[in-house]
Amino acid sequence: MKDAGHTGDAAAPARRSLFFAVFPSIMLPMFLAVIDQTIVATALPAIAASLGEVERVSWVVISYLVAGTVAAPVYGKLGDLFGRRRLMFVALPIFMVASLLCASAGSIEMLTFARVLQGLGGGGLMTLSQALIGETVPPRERGRYQGYLATVIVCSNTFGPVAGGYLTQTLGWRAIFLVNLPIGLLALLLTFRLVAKPGFRTEHRFDLPGALLFVLFIASTLLALERAQRLDAQALPMIGALAALGIASLVLLLRHERRVPSPLLPIGLLRQPAIWRSDALAACHGAALVSLITFLPIYLRAARGMSAAETGLMLVPLTIGIGIGAMITGRIVTTTGRTSIFPSYGLIFVTATLLFLAFWAPRLSTTALGWVLLWNGLFMGTVMGVVQVNVQSVAGPRMLGAAAASVQFSRSVGAAFGTALVAAMLFATLTAADRDTAHLFGTIVQKGADALAALPPAQQTVLKMELVGAFRAAFLTIAAFSAAGLVLAWATPVRRV
C-alpha cells in the first residue's frame, strides 16, 4: 500500500511537468484556429455592408474551410514524416501573413482569396495541435487533455464573438484579422519550447494529383450549391455541369488514392468502421456547428435588427456552452474510459433544440433565446473530443497524424458543404417566396431595423413572415445535419478506451 501511495505521489508531479512542457505551446495555435470562426462570424454583416454582395458573404467562411480541408491531410501526412513541431513553424507564418492580407482586402473576391491562404495555414493549427497531444500524452490521459483544450475553446469562443462585435463596431471589421498577428507571434515563440521529435520517415512523394482532384471536387460542388441559391432556370445547365464535374472528380480521386503508395487521404485507415463512422460524425457535427455560427449573426441582424456588438454577446451563450460541454465530457472520458455514449445522447438534445429554434425562435425573447443557445451548446460540446480520442486510439502511433488530420479534414468538409447548403436553402427559400425580398435582403443585413422601418406597414409584415420562413428552412437543414450525426454516434463501434 505504501508503494502504491508513492507511485501516486510521483504521478502527480509527472503530470504537472508534462502539462507545463506541452500544453502552453499547443494552446495558442489551437486558440487561433478556434477563434477565427467565431470572431469572423460576428463581423459578416459588417463585411457585407462594406464590400457588398451579401449573397456571397458566406464564402468568407467557406473559402477558409475549403482551404483548411485540403491542408489538414497534408499537414497530417507531413507531420508523421518530418515531425509536427517543424510543420508548426510553417503553418503559423502562413496564417499570420494571410491575416494581414485579409485586413487589406478591398473586395469580396480579394477577401475570399486571402481567406483561402489563411485556411492553408489554419488547417495545420488544429491538426498539429491534436496530433502533438497524441504524440506526447498516454491514451488514457488524452481525455483529460481534450478537457484542457476545451478550456481553451471556452476562452476563445467567449472572447471571439465579444471581441469581434466590439472591434467591428469601434475599429471596423479589418481589426478582427489584425488581432491575429500578436497572438501568432507569441505562438511562434512558444513553439520553440516543444521537443523536436523525428518523424517516421519513409520514401515519400507528395500526392499532387490527389490534391488537385480533391480541390476540383470541393470547388465544383460548392460552386454548384452557390449557383443553386438563385433558383434561376438559366443556371440549371451550369449547375448540372458543375455537379457532374464534382462527381467525376470524386470517383477519380477515390480510384487514384487506392493505387498510390503514399495517398493524400489514408483510404486504408478510413476503411475501418470505427474511423470512418467517427469521421462522418465529425463532418455532420462540423456542418451543424459552423453553419449555425455563420448564419445566427445574420438571423439576429436581419430578423431582430441587432448591432454587431449585440450579436457578439448573443453568440456567447452558444460558444461558452460548447466549451463547457467539451470540458466536462473530456474529464468524464478520462475518468471512465467511456466515449461514444456522450454524443449518442447529447445529439438527441441538440437535434430537438434546433427543431425548437426552427419553429419557435421568432416567439422567444432575447433572454430566452440566450438560454436556448446555452443549452444547445452544452450538448454540442459532447462530440469533437470524443471523436478525436476514438480515432487516435484505433489508428495507433504511426498513423497518429493522419488520424488527427482525418477528423479535421472531415469536420472541414462537413462545415464547408453544410454552410454552402444552408446558404442555398436560405436564399432559395427567399427567392421562391418573393424575388423582391431576396434582393432587399442585402439591404436588411446592412441596415438592420432601419431598412424595415422605411417600408409601408403591410409590406413590413409580409417581409417579416418571408424572413421567418427562410430562416426556418435554414434551421431545419442544420437540424438534419445533427440528426445524421446522431445516427452515426449510435453506430460507432468504439464505446470505451
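Remember, it's a predicted structure, so these values are computed and weren't measured experimentally.

A. Inspection of the overall build of the chain at higher detail. In terms of helices and strands, the chain carries 19 helices and 0 strands. In the chain, the share of contacts with a sequence separation of at least 24, taken over all contacts with a separation of at least 6, comes to 85%. Per element, the accessible surface of the chain, about 19800 Å² overall, is 70% carbon and sulfur.

B. Geometry of the nonpolar core. Core analysis: the largest hydrophobic core is formed by 141 residues, its most contacted members being Ile47, Leu111, Leu222, Phe441 and Phe471. Per-element tally for this core: the top contributor is helix 1 (residues 2-51), with 17 residues. Sequence-distant contacts of Leu111, defined by excluding residues within four places in its chain, comprise Ile47, Leu51, Val60, Cys102, Ala105, Trp173 and Phe177.

C. Structural detail: the environment of Ile26. For Ile26, the position within the fold is in helix 1. Between the C-alpha atom of Ile26 and that of Thr191, which follows or precedes it by 165 residues, the distance is 7.5 Å. When neighbours within four sequence positions are excluded, Ile26 is seen to be in contact with Ser129, Leu132, Ile133 and Leu149.

D. Up close: a nonpolar patch on the surface. Residues Tyr345, Ile348, Phe349, Trp375 and Trp490 make up a contiguous nonpolar surface patch of about 510 Å² in total accessible area. For the nonpolar patch, the leading source of residues is helix 13 (residues 341-360), giving 3 residues. The topology assignment puts Trp490 in helix 19 (residues 457-491).

E. Focus on the environment of Met238. When you line up the elements, Met238 lands in helix 9 (residues 236-259). As for Met238 and Ala224, which are separated by 14 residues in sequence, their C-alpha atoms are 7.6 Å apart.

F. View of the packing of helix 13 against helix 14 (residues 366-380). Closest axis-to-axis distance for the helix 13/helix 14 pair is 8 Å, and the angle between their directions is 150°. It follows that helix 13 is roughly antiparallel to helix 14 by the angle criterion. You can see that helix 13 and helix 14 cross each other, and the crossing is left-handed. Facing Gly346, Phe349, Val350, Thr353, Leu354, Phe356 and Leu357 of helix 13, the residues of helix 14 in contact are Leu369, Val372, Leu373, Trp375, Asn376, Phe379 and Met380. Of the residues in the contact of helix 13 with helix 14, the class split is 11 nonpolar, 3 polar and no charged.

G. Focus on helix 3 (residues 84-103). With 20 residues, helix 3 should reach 28 Å at 1.5 Å per residue; the first-to-last C-alpha distance of 29 Å fits that figure. Buried residues of helix 3: Arg84, Arg85, Leu87, Met88, Ala91, Leu92, Phe95, Met96, Ala98, Ser99, Cys102 and Ala103, and no others.

H. Just the layout of surface pockets, in detail. Of the pockets and cavities examined, the largest pocket occupies roughly 490 Å³. Lining the largest pocket are 23 residues, with Leu270, Asp279, Phe409, Ser410 and Val413 positioned closest to its centre. Listed by contribution, the elements that provide at least two residues to the lining of the largest pocket are helix 8 (208-228), helix 9, helix 10 (267-270), helix 11 (273-304) and helix 16 (400-433). If one sorts the elements of the lining of the largest pocket by residue count, helix 16 sits on top with 7 residues.

I. Local environment of helix 15 (residues 384-395). With 12 residues, helix 15 extends 17 Å between its outermost C-alpha atoms, agreeing within 8% with the 16 Å of an ideal straight helix rising 1.5 Å per residue. Of all 12 residues making up helix 15, 9 are buried, and the element is well covered by its neighbours. Burial in helix 15 covers these residues: Met384, Val386, Val387, Gln388, Val389, Asn390, Val391, Gln392 and Ala395. Gly396 sits one or two positions beyond helix 15 and adopts a positive phi of about 85°.

J. The arrangement of the confidence of the model for the chain in detail. Residues of the chain with pLDDT of at least 70 account for 83%, and the chain-wide mean is 80. The least confident element of the chain is helix 18 (residues 449-453), whose mean pLDDT is 66; the most confident is helix 13, at 94. A low-confidence stretch, residues 1-10 (pLDDT under 50), is modelled with 0 contacts involving residues beyond four sequence positions or located in other chains.

K. Representation of the packing of aromatic side chains in the model. By the definition in use, this model includes 10 aromatic pairs. Residues Trp173 and Phe177 carry aromatic rings whose centres are separated by 6.3 Å and whose planes lie at 90° to one another, so their mutual orientation is edge-to-face. The residues Trp173 and Phe177 share a single accessibility class, namely buried. Three or more aromatic residues joined by ring pairs make a cluster, and in this case those are Tyr299, Phe471 and Phe475.

L. Up close: the packing of helix 13 against helix 19. Between helix 13 and helix 19, the shortest axis-to-axis distance is 8 Å and the interhelical angle comes to 165°. In terms of their interaxial angle, helix 13 and helix 19 are classed as roughly antiparallel. In the packing of helix 13 onto helix 19, the handedness of the crossing is left-handed. Residues Pro343, Ser344, Tyr345, Leu347, Ile348, Val350, Thr351, Leu354, Leu355, Leu357, Ala358 and Phe359 of helix 13 touch helix 19, and the partners they reach there are Arg472, Phe475, Leu476, Ile478, Ala479, Ser482, Ala483, Gly485, Leu486, Ala489 and Trp490. Of the residues that constitute the contact of helix 13 with helix 19, the class distribution is 18 nonpolar, 4 polar and 1 charged.

What counts and what doesn't
Residues numbered from 1 in each chain as written. Predicted model: local features only at pLDDT ≥ 70, side-chain atom pairs only at ≥ 80, totals over all residues. Heavy atoms only, no water. Helix = DSSP H or I, 4+ residues; strand = E, 2+ residues; numbered from the N terminus. Contact = heavy atoms within 4.5 Å. Areas by Shrake-Rupley, 256 points an atom, 1.4 Å probe, with all protein chains shown as cover. Core = buried A, V, L, I, M, F, W, Y, C linked by side-chain atoms within 4.5 Å. Buried < 20%, exposed > 50% of the residue type's maximum accessible area, 1.4 Å probe, protein only. Patch = residues over 30% accessible without salt bridge, like charges linked within 9 Å, V, L, I, M, F, W, Y side chains within 5 Å. Salt bridge = Lys/Arg side-chain N within 4 Å of Asp/Glu carboxyl O. Axes fitted to C-alpha atoms, helices over the stretch in contact; angles between N-to-C directions. Parallel < 35°, antiparallel > 145°, perpendicular 65-115°, else oblique. Left-handed = near helix turned anticlockwise from the far one by under 90°. Nonpolar A, V, L, I, M, F, W, Y, C, P; charged D, E, K, R; others polar. Expected span 1.5 Å × (residues − 1). 1 Å grid on protein atoms, 1.4 Å probe; cavity = no way out; pocket = protein on both sides within 12 Å on 5 of 7 lines; lining within 4 Å. Points joined across faces, edges and corners; volume = space filled by probe spheres on them. pLDDT = per-residue confidence, 0-100. Phe/Tyr/Trp six-rings, centres within 6.5 Å; stacked < 30°, edge-to-face > 60°.

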